[in-house]
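This is what each chain is made of:
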Amino acid sequence: MAKFNKDSTGGTLTVVVLLSLICSLFVAGAAVLLKPTQDIQKQLDKQKNILQAAGLMKENINVQDVYGKFIEPRIVDLATGDYVEGMSNFDARQAAKDPAQNVAIAPEDDKANIKVRAKYAEVYLVKDEADKVAQVVLPMHGNGLWSTIYAFVAVQPDGNTINGLTYYDQAETAGLGGEIANPRWQAHFVGKKLFNEKGDVAIHVSKGGMNDKEHGVDALSGATLTSKGVDGSFKYWFSQNGFGPYLAKFKAAGAN
């Protein structure tokens, strides 16, 4: 019987192939085993960011308990502003990639520069201790300089006043555009109005924006395109092409 010569070219290639196969099986197996844990952590991070936007994220709280007590997720048809029943495990990012679940955005309307969006969105009703709706947290996203920037915006029952904002997923330049994740900058949005008296989207992020005490926030210094991405995100998602129809019905419903 021929002996296996591990020092030959064929032997070396055989060892490399076997090691590659073993490593591939190990990595694949680890990914399968770790996926449930990763999914749980992903869900926990999402809940933390929603609570952060709503002003409910405190030290030493049980995130899942607080989220379960005060947050009610609902699915909204963006075209009508109506709640959609019977949908579960909705993922807006995945839906936006599916032609059956997305809509193309006309270039003149695409202030957020995202080209398509899902037909539906998940919104998060925030209840108080009396189980009345105290605010709603809405997701939005748009393109910055280097990345798609994702945020949650909390809005009061008047459907107009911003209660909180958190940017939780972005890859903008650290120290410049990345400052959208800085809580100090995000705090400038609290109390600002989304709409003017005519009902038009009036919130804006611009140089000297804070001079408009009702609707304006200063753009980030040295981060023009990221600031434009934030401004465009608000202008699109709170227009009639985004959450405009929903917020009109949310305001009419009040705290019911």
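The following paragraphs examine the structure supplied in this document.

Cut-offs applied
Residues numbered from 1 in each chain as written. Predicted model: local features only at pLDDT ≥ 70, side-chain atom pairs only at ≥ 80, totals over all residues. Heavy atoms only, no water. Helix = DSSP H or I, 4+ residues; strand = E, 2+ residues; numbered from the N terminus. Rg over C-alpha atoms; globule rule 2.2 N^0.38 Å. Contact = heavy atoms within 4.5 Å. Core = buried A, V, L, I, M, F, W, Y, C linked by side-chain atoms within 4.5 Å. Buried < 20%, exposed > 50% of the residue type's maximum accessible area, 1.4 Å probe, protein only. Phe/Tyr/Trp six-rings, centres within 6.5 Å; stacked < 30°, edge-to-face > 60°. Lys NZ or Arg CZ within 6 Å of the ring centre and 35° of its normal. Pairing = 2+ DSSP bridges. Axes fitted to C-alpha atoms, helices over the stretch in contact; angles between N-to-C directions. Salt bridge = Lys/Arg side-chain N within 4 Å of Asp/Glu carboxyl O.

## As for the overall build of the protein chain
Point 1. When its secondary structure is counted, the protein chain shows six helices and ten strands.
Point 2. Compactness check: the protein chain gives a C-alpha radius of gyration of 23 Å against a globular reference of 18 Å for 256 residues, more than 25% above the reference.
Point 3. If one aligns the C-alpha atoms of the protein chain with their principal axes, the spans along those axes are about 90 × 45 × 40 Å.
Point 4. Across the protein chain, the fraction of contacts at a sequence separation of at least 24, relative to all contacts at a separation of at least 6, is 53%.

## Digging into the nonpolar core
Point 1. The biggest cluster of nonpolar side chains holds 38 residues, and the ones touching the most others in it are Phe189, Phe234, Phe238, Tyr246 and Leu247.
Point 2. Breaking this core down by element, the ones donating at least two residues are strand 5 (120–127), strand 6 (133–143), strand 7 (148–155), strand 8 (162–169), helix 5 (224–237) and helix 6 (244–253).
Point 3. Here Phe234 is in contact with Met140, Val153, Ile162, Leu165, Phe189, Leu194, Val201 and Ile203, once residues within four sequence places are set aside.
Point 4. Formed by 14 residues, the second largest nonpolar core is a distinct cluster that contains Ile50, Ala53, Val66 and Phe70.

## Describing the packing of aromatic side chains
Point 1. Applying the stated criterion across every chain, the model contains twelve aromatic pairs.
Point 2. A centroid spacing of 5.7 Å and a plane angle of 35 degrees characterise the contact between Trp237 and Phe243, whose relative ring orientation is tilted.
Point 3. We classify Phe243 as buried; its relative accessible area is 0%.
Point 4. The ring centre of Tyr83 lies 4.1 Å from the NZ or CZ of Arg74, which sits over that ring.

## A short note on the sheet that holds strand 8
Point 1. The antiparallel open sheet is built from six strands, whose spatial order is 2-1-5-6-7-8. Sheet topology places strand 2 (82–84) and strand 8 at the edges, where each strand pairs with a single neighbour. Shown here is a sheet whose adjacent strand axes are inclined to one another by a mean of 35 degrees, direction ignored.
Point 2. For strand 1 (residues 71–77) and strand 2, the ladder comprises three bridges, and the chain directions are antiparallel. In the strand pairing of strand 2, Asp77 is matched with Asp82.
Point 3. Running at roughly 125 degrees to strand 6, helix 5 makes contact with strand 6, strand 7 and strand 8 of the sheet.
Point 4. Docked against the sheet, helix 6 engages strand 1, strand 2, strand 5, strand 6 and strand 7, running at close to 170 degrees with respect to strand 6.

## Section: the pattern of salt bridges
Opposite charge on two side chains makes pairing possible when the charged atoms of those side chains draw close.
Point 1. Inspection of every chain in the model, using the stated rule, returns ten salt bridges.
Point 2. With a closest N to O distance of 3.9 Å, Asp158 and Lys193 form a salt bridge. Here Asp158 is found in the loop between strand 7 and strand 8, whereas its partner Lys193 is found in the loop between helix 4 (183–186) and strand 9 (204–206), with 35 residues between them in sequence.
Point 3. A salt bridge links Asp231 to Lys235; its shortest N-O distance comes to 2.9 Å. Highlighted residues: Asp231 and Lys235, both in helix 5, separated by four residues, approximately one helical turn.
Point 4. Classification of Asp231 by relative accessible area gives buried; the value is 15%.
Point 5. What you see here is one network of salt bridges that share partners, running through Glu72, Arg74, Glu85, Lys127 and Asp131.

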